[in-house]
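For reference, the chains in residue letters:
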Amino acid sequence: MNADLGLIGLAAMGQNLALNFAQKGFRVCVYNRTPEQTRAFLEQAGGEPLCAAYTPEDLVRCLHPPRRLLLMVRAGAAVDEVLEQMVPLLAPGDVVMDGGNSHYAETERRIQALAAHGLFFLGVGISGGTAGARWGPSLMPGGPLEAYAAVEDMLLRIAAIGDAGPCCAYMGRGGAGHFVKMTHNGIEYAIMQGIAEAYDGMRAGLGIPPDAAAEVFERWNQGSLQAYLTELTARVLRHRDRETGEPLVERILDAAEQKGTGRWAAQSALELGIPAPTLTAAVIARTLSFYKADRERIAALLPWPERAPAAPPEEFLADLEDGLNLVVLAAFSQALWLLSEASRQYGYGTDRAEVLRVWRAGCIIRARWIPFLEEILREDPEDPHLLFHPRFLAQVRERLPGAVRALQWALEAGVPMPALSTALDYLQGMRRARLPANLIQAQRDAFGAHTYRRIDRPGVFHTEWSAQGG
Ligand code: 6PG
């Protein structure tokens, strides 16, 4: 078979992508490390224009040049292992795409390594989970532009279709595709944490069961919080455990796992010098949740009085809704700022309005807010965090009082809301013309002669603070 694409790795995402490509008329040759998996897949997928290879050599023979390969293997060492096998078999001009959640720095390294053989490597962020892979994911390809040109037609055909076209666009040079996907996941973590906090507020503040909380999320899904994750949350909360008949969510251990992309987003923000506290707080909240046994012990040692919200339930829920809206806006602001700085420092040339367009459909963070944010960036592409834009600020201003009330209750009731509190810290910090960092500078100079600058004169200064200084 003269196949258009070789797909390596037949776990759930790989299988569904293969089916998606095949359904769009591309001839796909699949390959998996374990042949049983390949056979089982082909049997079940019968009828589609798919074929299988059982050795890397066969796979390469099956493809027409320039060969296009898509790796759907676990991020990390497995990608390098596959490349080691495949690179000697490929010819100059062939394109290898990595569709996993690889770290962008690894992608940069692989681009260089393959370029030395005349081969192209693209980091392709893919979002939307297994259903997205099958019916239309959001695609974030990055790397050498000429390599993107060689695969663009295929990617556009399998992508989700949003109301502004297929959700796929070139994200920029080097590791840009995986950087954008990592940033997407940073937002994903923050919104999930914000939703979980709002749920905790409903449970702890109003004592409402999951069914009733689902109703609230369904209602929120009709308004500004309309989003895949809002709708999904309502669905999850309504789901009942088959054995006990209870809401399944009540039976799930409260220790959240993570595979690394959220943590990388937080690390990148720290490295690039961008304040992204809400993305970071969401990662920390997952990490803290993991210490379940410690939490249980401390819970008994440090009880805290419960406290009902002062406001009537409907008003309290409206405050939580304002809070969650601010978490979403703060998360996007931080993430877009991170993308702007990464593009500048790493030379990606990322068009952030295009990033938002690609996130309109197919991906996990698709939300009603996105077209609004995209519009703002198209009007003012240089605004790093959107906080210079009056319409963005108007949305923030409208929700600040409610969000503050929600957080006030949470602090008094002993309900941790790190996404909400960091969102407010971020917005309040950015809104404050003068911060106490002058005192930090004075302290640094006093104990370490690190110097400081003044507001009334140019230059760098040092003071002998006092004889008692450390
Ligand atoms: C997506 C998701 C996906 C990611 C999961 C799990 O966009 O489809 O981001 O790529 O693997 O969300 O991430 P964690 O295991 O870190 O929660």
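Residues numbered from 1 in each chain as written. Predicted model: local features only at pLDDT ≥ 70, side-chain atom pairs only at ≥ 80, totals over all residues. Heavy atoms only, no water.

Engineer: I keep staring at the overall build of the chain and nothing clicks. Help me out?
Structural biologist: Looking only at helices and strands, the chain has 19 helices and nine strands in total. A compact globule built from 470 residues should have a C-alpha radius of gyration of about 23 Å, and the chain, at 25 Å, falls within 12% of that. Along the longest, intermediate and shortest principal axes, the C-alpha atoms of the chain span 75 × 65 × 45 Å. Taken over 470 residues, the chain has a buried fraction of 51%. At a minimum sequence separation of 6, the contacts of the chain that also span at least 24 residues come to 68%. Between the mean site of the 46 positive side-chain charges and the mean site of the 54 negative ones, the chain shows a separation of 1 Å. (Helix = DSSP H or I, 4+ residues; strand = E, 2+ residues; numbered from the N terminus. Rg over C-alpha atoms; globule rule 2.2 N^0.38 Å. Buried < 20%, exposed > 50% of the residue type's maximum accessible area, 1.4 Å probe, protein only. Contact = heavy atoms within 4.5 Å. Lys, Arg positive; Asp, Glu negative; His and termini not counted. Charge placed at Lys NZ, Arg CZ, Asp CG, Glu CD.)

Engineer: Looking at this structure, how should I read the site of the ligand?
Structural biologist: Taken together, 13 residues are adjacent to the ligand, and Ser127, Lys181, Glu188, Tyr189 and Arg286 come closest. A distance of 3.0 Å is found between an oxygen atom of the ligand and a side-chain nitrogen or oxygen belonging to Asn101. In the model, an oxygen atom of the ligand is placed 2.9 Å from a nitrogen or oxygen of the Lys259 main chain. When isolated, the ligand has an accessible area of 420 Å², and the protein chains bury 80% of it. For the shell around the ligand, the element with the highest residue contribution is helix H8 (residues 176-206), accounting for five residues. Each residue belonging to the shell around the ligand can be placed in one class, and the counts come to two nonpolar, seven polar and four charged. (Near = heavy atom within 4 Å. Polar contact = N/O pair within 3.5 Å; in protein donor to acceptor, adjacent residues only side chain to side chain. Areas by Shrake-Rupley, 256 points an atom, 1.4 Å probe, with all protein chains shown as cover. Nonpolar A, V, L, I, M, F, W, Y, C, P; charged D, E, K, R; others polar.)

Engineer: What am I meant to see in the sheet that holds strand S4 (residues 68-71) here?
Structural biologist: Strands sit in the order S3-S2-S1-S4-S5-S6-S7 across an open sheet of seven strands; the sheet is mixed. Each edge of the open sheet carries a strand with a single partner, namely strand S3 (50-52) and strand S7 (138-142). Strand after strand, the sheet turns through a mean of 25 degrees between neighbouring axes, direction not considered. Bridge count for strand S6 (residues 120-127) against S7 is five bridges, and the pairing is antiparallel. Each bridged residue has a counterpart across the sheet, and for Ser127 the counterpart in S7 is Ser138. Against the sheet, helix H2 (residues 35-45) makes contact with strand S2 (28-31) and S3, and its axis sits at roughly 160 degrees relative to S3, the strand it touches most. (Pairing = 2+ DSSP bridges. Axes fitted to C-alpha atoms, helices over the stretch in contact; angles between N-to-C directions.)

Engineer: Could you clarify how one ought to interpret the layout of surface pockets in this entry?
Structural biologist: Picture a little ball the size of a water molecule; that probe, rolled over the atoms, points out where space is still empty. Put simply, the second largest pocket is a space of about 390 Å³. Surrounding the second largest pocket, 16 residues form its lining, Asn438, Gln441, Arg453, Arg454 and Ile455 being those nearest its centre. (1 Å grid on protein atoms, 1.4 Å probe; cavity = no way out; pocket = protein on both sides within 12 Å on 5 of 7 lines; lining within 4 Å. Points joined across faces, edges and corners; volume = space filled by probe spheres on them.)

Engineer: When you look at H8 in this model, what are you seeing that I'm missing?
Structural biologist: Think of an α-helix as turning once every 3.6 residues; residues three or four places apart then point the same way. Taking 1.5 Å of rise per residue, the 31 residues of H8 would be expected to cover 45 Å, and the 44 Å separating its terminal C-alpha atoms lies within 8% of that figure. Buried residues dominate H8, accounting for 25 of its 31 residues. (Expected span 1.5 Å × (residues − 1).)

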